[in-house]
Amino acid sequence: MIEPKNSKYVDSIITLLEENEALIDFTHHGKEDQIAISKELKEKVHNFAVSIQDEKIDTKELIRYCVREALELEKSDIVIIKQDSIFIKIFDHTKKRQIAPNEVGTVASRYNGIDEGELLSFYKEYFVQDTPKEFFVLISKLFVQKHLIDEQIDNYYYEKYVFSYIQKIIVGQLEEIYDHNQEFFIGFAGFIFRKHFKEVFSNIADLILSEIVIGNKYMVEFLKYYSLDIVIINGQKYKVPPLQTEDGLKWNVVSLHSVVKVYINTLQNIEELNKGMENLEEDILALYIGELSPLEYHEVFLREKKKLNDMIEINQKKLNRIYDSYEIEQNEEKLFKMKSEIDRLKRTIDILRDKKIKLASKAVKKEVLKNYMELEKEFEKMQREFKREQKILVQNKDAYLSIKGALTKVLVSKKKRV
């Protein structure tokens, strides 16, 4: 993989950016510390970069490097490549408060010394708009997987390091999404962690309870800690935060297990049924003929077929009657008229029979009808199961939320000296 700075196409991309300076907003949203490269220019640069065939290079990093060079940016400035533009955030060091050694880890070092107004501006304009809700679900999953499932840290380490662990994960994900400016994103990670604090730990509580359901022994022991009431560490007594609801209801691993198991299994069943119904709907729609289901189309076909049969029968009866009269008629003039009517009726019957033959070629095959009806039957069965599972979910929801609320509370609490 070639480093962006070593690409032979750097000068070409920089020239492309410089020649299209009119498509760059140097005071985006009226702010001198924000630059926006329009969608038109972004697409020109992107199309050029992805057309490179003779170099193995990270396209996104190449574009970011060329933007930095073309606009003479500092390493600390942030280049964000979005779907519809490229956004540059100029990192103003004058607005960053220098942290003294004795202030590290204190309130004074909050947000890595970066002005909260700067962080709020970035949050409102870019993070909220561009980052889906799944971001904090991912953060929670990464924390649980790394520190609880893989490392199996104990409750002591959890209490001591949980916040710093999560903030570090957030920094890593922000750098992956946006740019490699750790100085800014350490501050921004603290800012968004504080704003989405409850959300993150609510997600972690869900994940822990899911592990309890599948019998994760470590998680069981981890939760048992919150039923100990008093622990002694180095001769000092500590009161452990209890797994208790606002109204005083206490939970432990044994009492919560059955409720959590029913709720989570039901939730999983609903998700599987939803997915199953979506797949069935796709299969059913694939059998549609125009806007009609195979059954509806078949009913229209049968009506058309009956209509043609009825018309053939009516005309045939008319023809038979005229034949009978023709055999005994003596008047030449009447015979001529009858002969003309016979020919007309024959032509009509032939046309109707041709239509019937053509219609028969458009008939729905029996196996298609059978398949459709089986899929519909399966879909209706899933719908009934879905409604039953939803009812069970509603019945257990309050108890589950009570447990989850109590767990979320202890996950952000610490033991206290007594």
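A short note on the overall build of the protein
Then, in step 1: Counting its secondary structure elements, the protein contains 13 helices and seven strands.
Then, in step 2: Here the protein has a C-alpha radius of gyration of 37 Å; the compact-globule value for 418 residues is 22 Å, and the former is much larger.
Then, in step 3: Its C-alpha atoms give the protein principal-axis dimensions of about 130 × 70 × 40 Å.
Then, in step 4: Each of the 418 residues in the protein was classed as buried or not, and the buried ones make up 40%.
Then, in step 5: Counted over contacts in the protein with a minimum sequence separation of 6, partners at least 24 positions apart contribute 69%.
Then, in step 6: Between the centroid of the 67 positive side chains of the protein and the centroid of its 71 negative side chains there is a distance of 7 Å.

Regarding the side chain of N396
Then, in step 1: With respect to the secondary-structure elements, N396 resides in helix α13 (residues 366-411).
Then, in step 2: Sequence-distant contacts of N396, that is, excluding residues within four places in its chain, are made with V259, V262 and Y263.

A few points about the confidence of the model for the protein
Then, in step 1: Per-residue confidence for the protein gives a mean pLDDT of 87, with 94% of residues at or over 70.
Then, in step 2: Contacts of residues 100-109 to residues separated by more than four positions or lying in other chains number nine contacts, the stretch itself having pLDDT below 50.

Side note on unusual backbone geometry
Then, in step 1: Residue H29 is not a glycine yet carries a positive backbone phi of 55°.
Then, in step 2: Inspection of the secondary structure puts H29 in the loop between β1 (24-25) and β2 (34-37).
Then, in step 3: In this structure, N234 is a non-glycine residue whose phi angle is positive, near 55°.
Then, in step 4: Position of N234 among the secondary structure elements: in the loop between β5 (230-233) and β6 (236-239).
Then, in step 5: On the basis of relative accessibility, which here comes to 81%, the residue N234 falls in the exposed class.

Quick notes on the packing of helix α11 (residues 294-328) against helix α12 (residues 332-361)
Then, in step 1: Direction vectors running N to C along α11 and α12 enclose 160°, while the axes themselves pass 9 Å from each other. In terms of orientation, α11 and α12 fall into the roughly antiparallel class. The handedness of the crossing between α11 and α12 is left-handed.

Remarks on the sheet that holds strand β4 (residues 86-89)
Then, in step 1: Taken in spatial order, the four strands of this open sheet run β1-β2-β4-β3, and their pairing is antiparallel. The open sheet terminates on both sides in strands that have one partner only, identified here as β1 and β3 (78-81).
Then, in step 2: Of the strand pairs in this sheet, β3 and β4 are connected by four bridges, and their pairing is antiparallel. When the bridges of β4 are listed, I80 appears paired with F87.

A closer look at the sheet that holds β5
Then, in step 1: Sheet architecture is open: three strands sit in the order β5-β6-β7, paired in antiparallel fashion. Both edges of this open sheet fall to β5 and β7 (416-417), since each of them pairs with a single strand only.
Then, in step 2: When β5 meets β6, the two strands line up antiparallel, connected through four bridges. Bridged to I232 within β6 is K237.

Regarding the environment of V67
Then, in step 1: Inspection of the secondary structure assignment puts V67 in helix α3 (residues 59-70).
Then, in step 2: Counting along the chain gives 17 residues from V67 to D84, while the straight-line C-alpha distance between them is 16 Å.
Then, in step 3: If sequence neighbours within four positions are ignored, V67 has contacts with L17, I37, L73, V79, I86 and I88.

Notes on the packing of helix α5 (residues 134-150) against helix α8 (residues 197-213)
Axis angle and axis distance: for two packed helices, these are the angle between their axes and the distance between the axes, and together they describe the pair.
Then, in step 1: Where α5 meets α8, the axes come as close as 9 Å, and the angle between the chain directions of the two elements is 50°. Our classification of the angle between α5 and α8 gives oblique. Crossing of α5 against α8: the hand is right-handed. Facing F136, V137, S140, K141, F143, V144, L148 and I149 of α5, the residues of α8 in contact are E199, V200, N203, I204, L207, I208 and E211.

Procedures and definitions
- Residues numbered from 1 in each chain as written.
- Predicted model: local features only at pLDDT ≥ 70, side-chain atom pairs only at ≥ 80, totals over all residues.
- Heavy atoms only, no water.
- Helix = DSSP H or I, 4+ residues; strand = E, 2+ residues; numbered from the N terminus.
- Rg over C-alpha atoms; globule rule 2.2 N^0.38 Å.
- Buried < 20%, exposed > 50% of the residue type's maximum accessible area, 1.4 Å probe, protein only.
- Contact = heavy atoms within 4.5 Å.
- Lys, Arg positive; Asp, Glu negative; His and termini not counted.
- Charge placed at Lys NZ, Arg CZ, Asp CG, Glu CD.
- pLDDT = per-residue confidence, 0-100.
- Axes fitted to C-alpha atoms, helices over the stretch in contact; angles between N-to-C directions.
- Parallel < 35°, antiparallel > 145°, perpendicular 65-115°, else oblique.
- Left-handed = near helix turned anticlockwise from the far one by under 90°.
- Pairing = 2+ DSSP bridges.

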